[in-house]
Amino acid sequence: MGIGDKPKYDLASILIYTALVFIGLISVYSAAPVIEYTSITDINEVYGKQLLFIGVCAILIIVILAIEVKFYERFAGLIYVISILSLAGLFVFGKEVNGATSWYPLGPFTFQPSEFAKFATALAVAKFLSQLNVSLKNVRDFMIISGIIALPALLITLQPDPGSALIYTAFFFALQREGLSLWYLTLGLIALVLFFSALVINIGWIILAILVSITGIYLLSRKRKHKKHLAKPRVYLFVIAALTCIAYTFSTSYIFNNLLEDRHRNRINIVLGKVQDDAGIGYNINQSMIAIGNGGWTGKPLQEATQTRGGYVPEQHTDFIFSAIGEVSGLVGTSTTIILFMLLLYRLIIMAERQRNQFARVYGYGVAGIFFLHFFVNIGMVIGLLPTVGIPLPFMSYGGSGLMGFTILLFLFIKLDAHRMSYDH
Amino acid sequence: MKKLLLLSIVTLVGITFLGRVIYLQVILSDTLQMEAENNAITTIYDYPERGFIYDRNGKLMVANQVAYDVMVIPRETGDVDINKLAELLKIHESRLEKKLKDARTWSAVQASVVVPQLTQIEYAPLQEQLRKFPGFYIQRRSLRKYMVDHSASVLGYIREVNQNSIKNDDYYVQGDLAGKSGIELQYEEELRGVKGYKKYTRDHYGRAIESYKNGSSDKAPIAGTDLTITLDKELQEYAEKLMINKRGGVVAIEPQTGEILTLVTAPNYDPSLLMGRDRSKNINAILRDTVRLPDVNRVLQGQYAPGSPFKVINALVALQEGVVTPQEHFSCNNGYNYGGKKPLGCHSHASPLAMNRGIAESCNAYFAQVYRRIIENEKDPAKGMDIWHDHVTSFGLGDFLGYDLPVGQPGRIPDGDYYTSRYRYKWYAPATISNAIGQGEVAVTPIQLANMTAAIANRGYFYRPHIIKEINGTPIDILKYTEKNYTTIEAKHFKPVVEGMNEVYRSGTAKYVQIPGIEICGKTGTVENFTKVNGERKQLTDHSVFIAFAPKDDPKIAVAVFIENGYWGSRYAAKIASLLIEKHLKGAITRTDLENYLLTHSLEYEYVKKLSKAPFKVNEAIDQGLITLEKEKKLRKLVDSLQPNTLY
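Keep in mind it's a predicted model, so treat the numbers as computed, not measured.

1. Remarks on the overall build of chain A
Here's step 1: For chain A, the helix and strand inventory stands at 17 helices and three strands.
Here's step 2: The C-alpha atoms of chain A give 24 Å as radius of gyration, which agrees with the globular expectation for 425 residues (22 Å, within 12%).
Here's step 3: If you line up chain A on its principal axes, its C-alpha atoms span 75 × 65 × 45 Å.
Here's step 4: Scored against the burial criterion, the 425 residues of chain A give a buried share of 52%.
Here's step 5: Residue pairs at least 24 apart in sequence account for 70% of intrachain contacts in chain A once pairs closer than 6 positions are excluded.
Here's step 6: In the structure as shown, chain A presents an accessible area of about 19400 Å², 68% of it carried by carbon and sulfur atoms.
Here's step 7: Of note, chain A has its 31 positive side-chain charges centred 18 Å away from the centre of its 23 negative side-chain charges.

Encoded structure:
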């Protein structure tokens, strides 16, 4: 950092952050599981606590912005190791809530290390990738980077909290930006499509579809004989591809039907429309959609927001906070929230693109990817487009660890971005 | 490309989400708002008191009483001492256990009824004791209180609405009480009032949290309307008393207004049976009584051959058509040979006779010849039949009559087409000769018979019979019930017929039921009837019928009495009719001998005949119905043994 350089903090992202946190607090207040409202500063109720967490975040932000910018890159590895240790430590000291050992008891509060592992992993990925001799084209480097991402994801899956582990797929966007072939995405998409269609359609049809499309691609590729520079298509490669697809379809459907637990299976089945169960497992999503629909254009006053006030949507102040926004502030509230998230993501991508060094850019994309995945999975679930996956909506869902984790994630990047002109390798 | 992937995915997802929330909050909004309301708004109804029912003299017949339901909230009970509680509630342990299990299955947090509709007396000892059982409590509700122990079929009863009524009428919700029969059903909307409600939001446990919209959408109940009906409670009571041990019906109508003074069907039952904790048992017992059929309203639904009272109609039609004069004499030779297999029989009396004696002696031969003239007045008997049909139906016969009670039957008055479609060959008047004497194809209900009598009393018109007199103290002003319905018979033709009916009473078939000081006009009837016993057509003892009005020149009451298997008209029906007339006009009974006969005679022995499988005699000259203790016991036992098994 050059002496006398003034950091330029990105005002737009800070404003969006403030707006989201504010809307979040109001929604936590309306969705609070209380019969009688008390003062919003009542520390015994969720809204009082959330207010307290926001205060802590304010301090965190000051600290993050005050620390020398070089610190983060330099200690990225150490932060990652500490974070991995804290995840591993859960298996010894963790407290079990709702069947998952994801929390450390901390007096009257709990601390969820998986929320902090996100930024730690983002730092570690950025640090590793920004080394001069590292390339994603190199298989060994790719394996290492995959390991860095997979390790916390694995530990979190074991808690078990597969929803939070899912978020680590967000790093795909950072890797893709750094040159990872789109083939990976294509493969991933094919895998997903095969997996879901195997659940909905008879497996025989899928095999037929695989064979037809692969034969079609083979026949099409034979026609481009004039393009001499391209390798000649080899039949055995297509046969292998077809067999792999078929084997994969069989194995995933076997895993789904025999290895997955019922609760996971049901969540997927409900979204696929295979099971209509508004009273059982589908209850959450159904009630959540009713709450959103009840909001109409401009929402209902708290007294008439019966879904929210009656506690019909389970976990409404945490994972289902978006449904409270929907009922209390209507389409105005939901569309504002969605647009704010879109703006934040656009802003983060623009900010990442304007970084001069790779570390900041990779970290930026990591942040954007993580926020995007939370946004996608959480709201997708609440509005009934995706299966129930228990992850919070950033800045808005009630929860100290979450709010702090997301705040650190964002403001670390704002700090890096503020120093982009002077910050150099 | 590298830079655009996340950007485009974010855009795609964002737009999808916006589309989805617009879909949910704009397009699907109404549906989802309704679901939210179903979910979260609980409506607690505030039931108004049901209207009272008074008789024509302002005497209370139906009021309300408080009843008590024993309720349970399963979640709050803890371990229940089934034995003690069953003893306290006076129900069987296994039944109590089942009730509690059902309640828990339905909802653990919402109240269910354990024992419904306890009366004040049953409730008193529970009040203190029940406190020892947490989760159980008592809920008040308003029930009917009947001030009479008869007339169930006309008053009707109320009961919880079924799914069908809920589906067909938005007003009703689960657990509402509504009229099921009689006046309670007919005037349900007036009697019930409009229930009020308070809306509360409730949480997902079903607990009420707060008043919805600060109570701005709540509604106060509107009380039910009191009704005054046309029945005379005392006359009704007296008729019910006289009808004990008989089957059939009594209808009395005030001719000047069409108001129904008495409407009795027998056997009847105490309306209070259909309330309280034994109601379902009692309802079942009544509905399943296929021997006595107490559920059938014989006055409104029973379609009987009218018998001889129908002769006066034929006399009137004949006079109107000009085919006979009152003075013309017809001969009777113990019957009339119309060309059938055997002659139409008649009993011994002076012959030849004119109209007055024809009616007084109820001469079959006289009316067969008069009837033939009516039908044969036209070349085509079908046309003659049609003319006869139109005259007869102008008395309200063969029609539902339009009275304000919920059940009825039209009866049957055949016309030309009826026979043309029935007989494959050309038919002539003699083929329908039974109509002359009220047998054969003619069928009427007792209320039609009474209305016909009222029309004769009025000399040519009637008011539609009705049961409603005042609504909330205001006399009804319904055109249907205040307009005169004219018969097709001119007033001048009634004089000879009325004279004949008076002779019935003074020196004819009903001379034994005379009441000092009252000029009655009447007509007896002895109706042949048949039944099938093991697929074999068997004759039963004749029905005893009597129609009458009085006083002759200023009729205040028209009565029709129909007694199944009472044999000849004056044996039962005429006695009952004349006692009712005396009661109505004088307020006291002088013919206590008649009253005594009716109270000490039972016709159950007749009703048992067709069931007993043993050979039996019909139309026994001496009434076997004198009630003795031993006989009663035997009869009861027999009837009970014939009932389908109603144990449950």
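2. Some remarks on the interface of chain A and chain B
Here's step 1: At the interface, 52 residues of chain A touch 38 residues of chain B.
Here's step 2: The junction of chain A with chain B conceals about 3800 Å² of combined surface from both sides, 71% of it contributed by carbon and sulfur atoms.
Here's step 3: For the pair chain A and chain B, the interface holds zero salt bridges.
Here's step 4: Where chain A meets chain B, there are eight residue pairs in polar contact (both at pLDDT 80 or more).

3. Considering the sheet that holds strand β12 (residues 259-266) of chain B
All names here are of chain B.
Here's step 1: Across the sheet, which stays open at both edges, the five strands sit in the order β12-β11-β21-β20-β19 with antiparallel pairing between neighbours. Either end of the sheet is taken by a strand with one partner, and the two such strands are β12 and β19 (521-533). Averaged over all pairs of adjacent strands, the angle between strand axes in this sheet comes to 10°, irrespective of strand direction.
Here's step 2: Pairing between β19 and strand β20 (residues 536-550): twelve bridges, direction antiparallel. In the sheet register, threonine 531 faces β20, and the bridge partner there is lysine 538.
Here's step 3: Strands in contact with helix α10 (residues 233-242) are β11 (248-254), β12 and β21 (557-563); relative to β12, the strand with the most contacts, it is inclined by about 25°.

4. Points about helix α4 (residues 76-93) of chain A
Residue and element names in this part refer to chain A.
Here's step 1: With 18 residues, α4 should cover 26 Å at 1.5 Å per step; its first-to-last C-alpha distance of 25 Å lies within 8% of that length.
Here's step 2: What α4 keeps buried is the set Ala76, Ile79, Tyr80, Ser83, Ile84, Ser86, Leu87, Gly89 and Leu90.
Here's step 3: Of the surrounding secondary structure, the elements contacted by the buried residues of α4 are α3 (70-74), β2 (100-106), α5 (113-129) and α6 (139-157).

5. Side note on helix α15 (residues 321-353) of chain A
In an α-helix, one turn spans 3.6 residues, which is why side chains three or four residues apart end up on the same side.
Here's step 1: The terminal C-alpha atoms of α15 of chain A, which comprises 33 residues, lie only 31 Å apart, well short of the 48 Å expected from a rise of 1.5 Å per residue.
Here's step 2: Most pronounced at serine 329 of chain A, the bend in α15 of chain A amounts to some 135°.

6. Observations regarding the nonpolar core
Here's step 1: In this structure, Ile183, Leu263, Trp388, Phe395 and Ile456 of chain B are the most contacted members of the largest nonpolar core, which totals 142 residues.
Here's step 2: Mapping this core onto the domain boundaries places at least three of its residues in each of domain 1 (44-64 + 146-229) and domain 2 (233-640) of chain B.
Here's step 3: Discounting chain neighbours no more than four positions away, the residues touching isoleucine 183 of chain B are Ile53, Val154, Leu155, Gly156, Glu188, Leu191, Leu227, Ile229, Leu405 and Ile467 of chain B.
Here's step 4: Listed in part, the 118 residues of the second largest apolar core include Ile61, Val134, Ala291 and Val382 of chain A.

Reading the values: the criteria
Residues numbered from 1 in each chain as written. Chains lettered and ligands numbered in written order. Predicted model: local features only at pLDDT ≥ 70, side-chain atom pairs only at ≥ 80, totals over all residues. Heavy atoms only, no water. Helix = DSSP H or I, 4+ residues; strand = E, 2+ residues; numbered from the N terminus. Rg over C-alpha atoms; globule rule 2.2 N^0.38 Å. Buried < 20%, exposed > 50% of the residue type's maximum accessible area, 1.4 Å probe, protein only. Contact = heavy atoms within 4.5 Å. Areas by Shrake-Rupley, 256 points an atom, 1.4 Å probe, with all protein chains shown as cover. Lys, Arg positive; Asp, Glu negative; His and termini not counted. Charge placed at Lys NZ, Arg CZ, Asp CG, Glu CD. Buried area = accessible area lost by both parts, 1.4 Å probe. Salt bridge = Lys/Arg side-chain N within 4 Å of Asp/Glu carboxyl O. Polar contact = N/O pair within 3.5 Å; in protein donor to acceptor, adjacent residues only side chain to side chain. Pairing = 2+ DSSP bridges. Axes fitted to C-alpha atoms, helices over the stretch in contact; angles between N-to-C directions. Expected span 1.5 Å × (residues − 1). Bend = angle between axes of the 7 residues up to and from the residue. Core = buried A, V, L, I, M, F, W, Y, C linked by side-chain atoms within 4.5 Å. Domains from an automatic or database assignment.

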